[in-house]
Amino acid sequence: MEGVTPRTSTHFHPFLTSLMTYTPNQERYNAPSFYARCGRSGLLLPKVSLGLWHNFGEVDSFVVARDIVLRAFDLGVTHFDLANNYGPPPGSAERTFGKLLTSDLAAYRDELIISTKAGYNMWPGPYGEWGSRKYLLSSLEQSLRRMGLDYVDIFYSHRYDPTTPLEETMGALAHAVRSGKALYVGISNYDPEMTARAATLLREMGVPLLIHQPVYNMFKRTMENGLLNVLEREGVGCIPFSPLAQGLLTGRYLNGMPSDARASKEHGFLKPEAVSPEVLEQVRSLGEIAEARGQSIAQLAVAWVLRDPRVTTALIGASKISQLEECIAAAPNASFDEAELARIDVILGSSPNK
Ligand code: NDP
């Protein structure tokens, strides 16, 4: 990011780094344009946020996880996104983040926006998933314990539950705020109609809907099909996840399948079949546009998601510090001219309806 010269903890051996006391980069907030208002709320979020879905579980290196999170904070990233089930095993990403809070970040708690979610399968029996009050509030308690926190900044319903009254799910979110265990609430993976209903219900309960977390990237554009308009009308922020299509929209797979890539890992959510010749061909063509803009393919993908002012922040993942740095550096160059957008549409062979 321009104007920021962060301290580079990776100049040292990883073991030494892990023993060093962390002092944040003093210049981390030197670029005010890196922060955007979340909908019509009072909350500003960094244009790039870091998610801990992959690479921060018990199966991953704590030293690398620590380096990435601290580097993000040094670069002005204040928002870290978790969920009850991130790992593997489920829950372990929250434990990793809890350890980091204890070892390095506790003094900066008031500078952090930490989110978590409940919705997917977390524990056995009828109360371990979906959208009941019983599940959501029990899960929030567990998340707080794993992270060693009194409250999270944002608590999400991770998916719409068609068998639980929406009033109950939204009531549980509102209760989380009233009981001081969350400052704001969000929803994820809700369609436009349910989003509008959720926003209305929450407003009636006096707890505005802060943010929606949908998937959005050049390969998955459903969000353009109604959801963005609902969010704009309701004054709700938007934090698209997987802006790099889990790594497909980067140069990661252009020269074969790296052994440390998500698609190579047994627990990786990206399957090797997704890295098809057709996808690689599209990514190569996108690379030409990226090059003309002076960006890498990953930067083009992040910038493309950020081009719409209704998008508050791009929620990326990273397995290396260099990836994080590259993505963050995309934020200042997120405007596109008509010709670039049209060329991208041609390459993707898609209309926004795809
Ligand atoms: P991305 O689309 O940003 O993919 C991240 C992966 O892309 C990285 O792990 C890395 O892959 C690769 N990558 C990142 N930067 C670069 C780069 N500069 N060059 C090359 N490769 C790069 O996001 P995720 O799919 O990780 O999702 C981000 C976050 O969104 C999650 O952590 C989670 O917080 C949230 N999320 C929410 C969901 C929901 O249902 N609400 C669902 C999914 C995600 P590699 O590991 O191979 O190096």
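Heads up: the structure comes first, above all this text.
Residues numbered from 1 in each chain as written. Predicted model: local features only at pLDDT ≥ 70, side-chain atom pairs only at ≥ 80, totals over all residues.

Peer 1: Looking at this model, I keep getting lost on the overall build of the protein chain. Mind explaining?
Peer 2: On a plain count of helices and strands, the protein chain comes out with eleven helices and ten strands. In terms of overall size, the protein chain behaves like a compact globule, its C-alpha atoms giving a radius of gyration of 20 Å where 354 residues would be expected to give roughly 20 Å. The proportion of buried residues among the 354 residues of the protein chain is 46%. Taking the intrachain contacts of the protein chain between residues at least 6 apart in sequence as the baseline, contacts between residues at least 24 apart amount to 76%. (Helix = DSSP H or I, 4+ residues; strand = E, 2+ residues; numbered from the N terminus. Rg over C-alpha atoms; globule rule 2.2 N^0.38 Å. Buried ≥ 20, exposed ≤ 12 C-beta atoms within 10 Å, placed from the backbone. Contact = placed C-beta atoms within 7 Å.)

Peer 1: What is the right way to read the pairing of strand S8 (residues 209-213) from this model?
Peer 2: Side-chain direction in a regular strand flips from residue to residue, so the side chains alternate between the two faces of the sheet. Among the five residues that make up S8, five are buried, leaving the element largely enclosed by the rest of the structure. Alignment of strand S7 (residues 182-188) against S8, held across four bridges, turns out to be parallel. Its bridge partner being in S8, Val185 is matched across the sheet by Leu209. In the classification by handedness, the crossover that spans S7, the intervening helix H6 (residues 192-204) and the parallel S8 is right-handed. One ladder, built from two bridges, connects S8 with strand S9 (residues 237-238); its direction is parallel. By the bridge assignment, Ile211 is partnered in S9 with Gly237. Once the chain exits S8 it traverses helix H7 (residues 227-234) before rejoining the sheet at S9, and the crossover so formed is right-handed. (Pairing = 2+ DSSP bridges. Right-handed = clockwise from strand over helix to strand, strands pointing away.)

Peer 1: Honestly, the site of the ligand in this entry has me stumped. Any pointers?
Peer 2: With respect to spatial proximity, 30 residues lie near the ligand, and among them Gly51, Trp53, Phe241, Gly247 and Gly317 are the closest. Taken together, the elements giving at least two residues each to the shell around the ligand come down to strand S10 (314-316) and helix H10 (321-328). Considering each element in turn, the shell around the ligand owes the most residues, three residues, to H10. A class-by-class count of the residues in the shell around the ligand yields twelve nonpolar, 14 polar and four charged. (Near = placed C-beta within 6 Å. Nonpolar A, V, L, I, M, F, W, Y, C, P; charged D, E, K, R; others polar.)

Peer 1: I would appreciate a short explanation of helix H4 (residues 133-147) in the present structure.
Peer 2: An α-helical segment advances 3.6 residues per turn. Residues three or four places apart therefore align on the same side. Between its first and last C-alpha, H4 extends 21 Å over 15 residues, near the 21 Å set by a 1.5 Å rise per residue. When we look at burial in H4, the residues that qualify are Tyr135, Leu136, Ser139, Leu140, Ser143, Arg146 and Met147. Down the axis, H4 shows its buried residues gathered within 125° of arc, on one side only. Of the surrounding secondary structure, the elements contacted by the buried residues of H4 are helix H3 (92-105), strand S5 (113-118), strand S6 (152-157) and helix H5 (166-178). Once H4 ends, the next one or two residues include Gly148, with phi positive near 70°. (Expected span 1.5 Å × (residues − 1). Arc of directions from axis to C-beta.)

Peer 1: How do you make sense of the nonpolar core when you look at a structure like this?
Peer 2: Side chains of nonpolar character tend, in soluble globular proteins, to be buried together. Counting residues in hydrophobic clusters, the biggest one holds 98 residues, and the most contacted among them are Ile154, Val185, Ala301 and Val302. Among the elements that line this core, the one with the most residues is helix H9 (residues 297-306), at nine residues. Setting aside chain neighbours within four positions, we find Ile154 in contact with Ile113, Ser115, Ala182, Tyr184, Val185, Gly186, Leu210 and Ile211. (Core = buried A, V, L, I, M, F, W, Y, C linked by C-beta atoms within 7 Å.)

Peer 1: Would you take a moment to explain the sheet that holds S9 for this structure?
Peer 2: In space, the eight strands of this open sheet follow the order S9-S8-S7-S6-S5-S4-S3-S10, with parallel pairing throughout. Each edge of the open sheet carries a strand with a single partner, namely S9 and S10. Along the sheet, H6 makes contact with S7 and S8, crossing S8 at roughly 160°. (Axes fitted to C-alpha atoms, helices over the stretch in contact; angles between N-to-C directions.)

Peer 1: In this structure, what is going on with the environment of Thr102? I would like to understand it.
Peer 2: For Thr102, the position within the fold is in helix H3. With 11 C-beta atoms counted inside 10 Å, the residue Thr102 sits in the exposed group. The sequence separation of Thr102 and Gln299 amounts to 197 residues, and the corresponding C-alpha distance is 32 Å.

Peer 1: Help me understand the packing of H6 against H7 in this model?
Peer 2: For any two helices packed against each other, the geometry is given by the interaxial angle and the distance between the axes. Where H6 contacts H7, the axes come no closer than 9 Å and their chain directions differ by 15°. Regarding the angle of H6 to H7, the classification is roughly parallel. Taken as a pair, H6 and H7 cross one another with a handedness that is right-handed. Together, Pro192, Thr195, Ala196 and Ala199 of H6 and Leu227, Val230 and Glu234 of H7 make up the contact between the two elements. Classifying every residue of the contact of H6 with H7 gives five nonpolar, one polar and one charged. (Parallel < 35°, antiparallel > 145°, perpendicular 65-115°, else oblique. Left-handed = near helix turned anticlockwise from the far one by under 90°.)

Peer 1: Whenever I open this one, the environment of Ala106 confuses me. Can you help?
Peer 2: Relative to the helices and strands, Ala106 resides in the loop between H3 and S5. Measuring from C-alpha to C-alpha, the distance between Ala106 and Leu149 comes to 9.7 Å, with 43 residues separating the pair along the chain.

Peer 1: I tried to follow unusual backbone geometry on my own but got confused; where do I start?
Peer 2: When glycine is set aside, most residues are seen to have a negative phi, and most peptide bonds are trans. Looking along the chain, the bond that leaves Gly87 and enters Pro88 is cis, with omega of -5°. Secondary-structure assignment places Pro88 in the loop between strand S4 (79-81) and H3. The phi torsion at Asn55 lies on the positive side, around 80°, for a residue other than glycine. Mapped onto the elements, Asn55 comes out in the loop between strand S3 (48-51) and helix H2 (62-74). Within the chain, Ala245 stands out as a residue other than glycine whose phi angle is a positive 50°. Tracing the backbone through its elements, the reader meets Ala245 in the loop between S9 and helix H8 (277-292). Exposure remark for Ala245: the 19 C-beta atoms within 10 Å place this residue in the partly exposed category.

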